[in-house]
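So you can see what is in the structure, the chains are spelled out below.
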Amino acid sequence: MADPSTSRKPFSSEDAPGVGVQVEHLCKNFGRLEVLKDVTFEVTPGEIFVLMGPSGTGKSVLLRHIVGLEAPTSGRVTINGLDASADQTREAVRIGLVFQSGALFNSLSVYDNLALYLREHRLGTETEIRERVMHALKILSLEGAEGKLPADLSGGMNKRVAIARALVMEPQLLLYDEPTSELDPVMSATISEIIATVKDQYKVTTIVVSHDRDLALNIADRVGLLMQGRLTFLGPPSQLMHPKDPVIADFLNPVIDIHHPRFLKLAP
Amino acid sequence: MKQLNSIFEGVGSAILLFLRALGYAATLPRQSARFFEQCYMIGYTTLPIVAILSFFIGAVLALQAGYSMEDFGAKQWIGSLVGLSMARELGPMMVAILLAGRVGSAISAELASMKVNQEVDALVTMNIPPARMLVLPRLAAVLVMMPVLTIIGDLVGWFGGALIARYTHSIDISSETYFAALRQYTKFRDVLHGLAKAEVFGLVVVLICCNIGLNTRGGPREIGAAVTRSVVVSLILILVLDYFISKIQTS
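Residues numbered from 1 in each chain as written. Chains lettered and ligands numbered in written order. Predicted model: local features only at pLDDT ≥ 70, side-chain atom pairs only at ≥ 80, totals over all residues.

A.B. asks: Any chance you could explain the overall build of chain A here in plain terms?
C.D. replies: Helices and strands together make up the secondary structure of chain A, namely nine helices and 10 strands. The buried share of chain A, reckoned over its 268 residues, is 41%. In chain A, the proportion of contacts linking residues at least 24 apart, taken out of those at least 6 apart, comes to 68%. (Helix = DSSP H or I, 4+ residues; strand = E, 2+ residues; numbered from the N terminus. Buried ≥ 20, exposed ≤ 12 C-beta atoms within 10 Å, placed from the backbone. Contact = placed C-beta atoms within 7 Å.)

Structure follows, in structure tokens:
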């Protein structure tokens, strides 16, 4: 952890280089249900890795393994060589997770949501904490929202507060779970810009779980495609522009044909 | 077999949670705001209902004792019966039952809701252990407030008994007689036995409710189920523990 007594600019990347993430032969079963099947990939420090895939294919479960909220059935996930599920890893590496729902603390104001991490880890005086919180709010264009409760925020603001809360931690690894879901196209583009800007400025390793094709193509350094629990594609986003695999092509460029038998079945 | 497994699992995870929270005991001084907030929730907001209930328990005890003891010409000993019953048994038990119903259910609902809304997961990713921030202040507060509530409950119960013994026409014994009998047979040791019970009950209720709340999975429906389960388990444990603690104290 950073020494609170040291005066330093908020969100400097000087002492927070991005970390590498290694996922090796990861399998996860819930009872008899196999959710993840032998998933292997690596995310290099400072990279934006976007994990795509249809709904219910295990993307969020994979993210929960990386952050240590789930233990693998077999295989392992490491962050800079440290077991992701061990408590010590969270002490050694600052990991920020932006939940799909925001997961803001409903009983705390926006300001207190952001200040909680700093206060709990005693990272500065109240004045320093205020400076860091206000700086994060400014980055996310949330000035004036500090006194509001999460219940009073719109969907877009909720996401931005969740990102600001993660940013305040000065994370070395920043994970986003469906950051653009339930947002209009303009807000989705704004969030995409924020993710790219944060990565560029703070060199933080970024993993984004999304099924937003535009977000993946615009901001990713590399893309992983998870389908039915297996990683079926791993490579730069340019390779996804003209996929050869028909299943991948169908997922990325779905053609809606109302005369298709599956639609005709719905007809009375 | 499956239910037995889940009971053992629940006991094991509650003990683990207790040990984890205990491991963070040194952080309590800097969590003083949370500790006092929990003292307020557990103590101050429960006090009126404890007082009302204890008053009427003392009153009913005096009334029933007066009715039964009149036949033996032993009305003057009503004070000893009310005094001992409140101090050793009814005081701590009624406070614990109220704690389970009023505070335990609220703790369980709050933590279950935090779990379902992923707020607890957010704490874990921020390296803020839920046992430290959510459990420890509640355990410390209940340990401080249970004796206070129990003593107040005992006193109000004794007073309720005295009032009924004095002003009920069929009993009609003076307050001096009532309190003389109470003082003669209710020793400081009896009050201490009651306080020891209250501490155990309070600790168990808060621990069970925290554990069930923090292990809730699913959606809003599970929050309601968690609250029901935590209150039912707490009430059963209070009665079972009451037997064993009484057995130890009287042997």
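A.B. asks: I would appreciate a short explanation of the packing of helix α1 (residues 2-23) of chain B against helix α8 (residues 188-214) of chain B in the present structure.
C.D. replies: A pair of packed helices is characterised by two quantities: the angle between their axes and the separation of those axes. Residues and elements named next belong to chain B. Two elements in contact, α1 and α8, have axes separated by 9 Å at closest approach and are oriented at 105°. Taken together, the axis directions place α1 and α8 in an arrangement best described as roughly perpendicular. The segment α1 lies against α8, with S13, A14, L17 and F18 engaging L207, I208, C210 and N211. When the residues that make up the contact of α1 with α8 are grouped by side-chain class, the tally is six nonpolar, two polar and no charged. (Axes fitted to C-alpha atoms, helices over the stretch in contact; angles between N-to-C directions. Parallel < 35°, antiparallel > 145°, perpendicular 65-115°, else oblique. Nonpolar A, V, L, I, M, F, W, Y, C, P; charged D, E, K, R; others polar.)

A.B. asks: What's the story with the interface of chain A and chain B in this structure? I'm lost.
C.D. replies: Contact with chain A, which involves 14 residues of that partner, is made by 10 residues of chain B. Counting residues per element, the ones that place at least two in the side of chain A that touches chain B are α2 (87-92), β6 (95-98) and α3 (110-120) of chain A. Among the residues forming the side of chain A that touches chain B, the class breakdown is nine nonpolar, two polar and three charged.

A.B. asks: What's the story with the sheet that holds strand β3 (residues 48-52) of chain A in this structure? I'm lost.
C.D. replies: Sheets are built from strands paired through backbone hydrogen bonds, the pairs being either parallel or antiparallel. Residue and element names in this part refer to chain A. Read from one edge to the other, the open sheet built from six strands follows the order β6-β7-β8-β3-β9-β10, with strand pairing classed as mixed. The open sheet has two edge strands, β6 and β10 (230-235), and neither has a second partner. Averaged over neighbouring strand pairs, the angle between their axes works out to 15° when direction is ignored. Bridge count between β3 and strand β9 (residues 222-227): four bridges; the pairing is parallel. The residue of β9 that forms the bridge with L51 is G224. (Pairing = 2+ DSSP bridges.)

A.B. asks: Explanation requested: the packing of helix α4 (residues 78-116) of chain B against α8(B) in the structure shown.
C.D. replies: Residue and element names in this part refer to chain B. The interhelical angle for the contact between α4 and α8, taken along N-to-C directions, is 15°, at an axis separation of 8 Å. By the angle between their axes, α4 is roughly parallel relative to α8. Both α4 and α8 take part in a crossing whose hand is right-handed. When grouped by side-chain class, the residues that make up the contact of α4 with α8 number 19 nonpolar, seven polar and five charged. (Left-handed = near helix turned anticlockwise from the far one by under 90°.)

A.B. asks: Where do I start with the nonpolar core in this structure?
C.D. replies: The tendency in soluble globular proteins is for nonpolar side chains to be buried side by side. Counting residues in hydrophobic clusters, the biggest one holds 138 residues, and the most contacted among them are A:V50, A:A164, A:L175 and B:C210. At 19 residues, the largest contribution of residues to this core is made by α4(B). Excluding anything up to four places from it in sequence, A:V50 contacts A:V208, A:S210, A:L215, A:A216, A:A220 and A:V223. (Core = buried A, V, L, I, M, F, W, Y, C linked by C-beta atoms within 7 Å.)

A.B. asks: In this structure, what is going on with unusual backbone geometry? I would like to understand it.
C.D. replies: The general pattern is negative phi for most residues beyond glycine and trans for most peptide bonds. All names here are of chain B. The backbone phi angle of Q118 is positive, close to 65°, even though this residue is not glycine. The phi dihedral of D172 is positive, around 50°, even though this residue is not glycine. Assignment of secondary structure puts D172 in the loop between α6 (130-167) and α7 (175-185). For D172, a count of 11 C-beta atoms within 10 Å puts it in the exposed group.

A.B. asks: Please clarify how the sheet that holds strand β2 (residues 33-43) of chain A should be interpreted in this entry.
C.D. replies: All names here are of chain A. Strands sit in the order β2-β1-β4-β5 across an open sheet of four strands; the sheet is antiparallel. Of all the strands in the sheet, just β2 and β5 (82-83) have a single pairing partner and so form its edges. Here strand β4 (residues 74-79) pairs with β5 via two bridges, running antiparallel. Residue pairing in the sheet places I79 in a bridge with L82 of β5.

A.B. asks: Can you walk me through the confidence of the model for chain A in this structure?
C.D. replies: Reading predicted coordinates in detail is not appropriate for stretches of low pLDDT. All names here are of chain A. Mean pLDDT for chain A: 85, with 88% of residues reaching 70 or above. Ranking the elements of chain A by mean pLDDT puts helix α9 (residues 261-264) last, at 62, and α3 first, at 95. A low-confidence stretch, residues 1-13 (pLDDT under 50), is modelled with 16 contacts involving residues beyond four sequence positions or located in other chains. (pLDDT = per-residue confidence, 0-100.)

A.B. asks: What am I meant to see in the pairing of strand β8 (residues 205-209) of chain A here?
C.D. replies: Moving residue by residue along a regular strand, the side chains alternate between the two faces of the sheet. Residues and elements named next belong to chain A. For β8, a buried count of five out of five residues is recorded, marking the element as mostly surrounded by other parts of the structure. Here β8 shows no split at all, with T205, I207 and V209 on one side and T206 and V208 on the other all buried. Both strand β7 (residues 173-177) and β8 contribute to a ladder of five bridges, which runs parallel. Bridged to L173 within β8 is T205.

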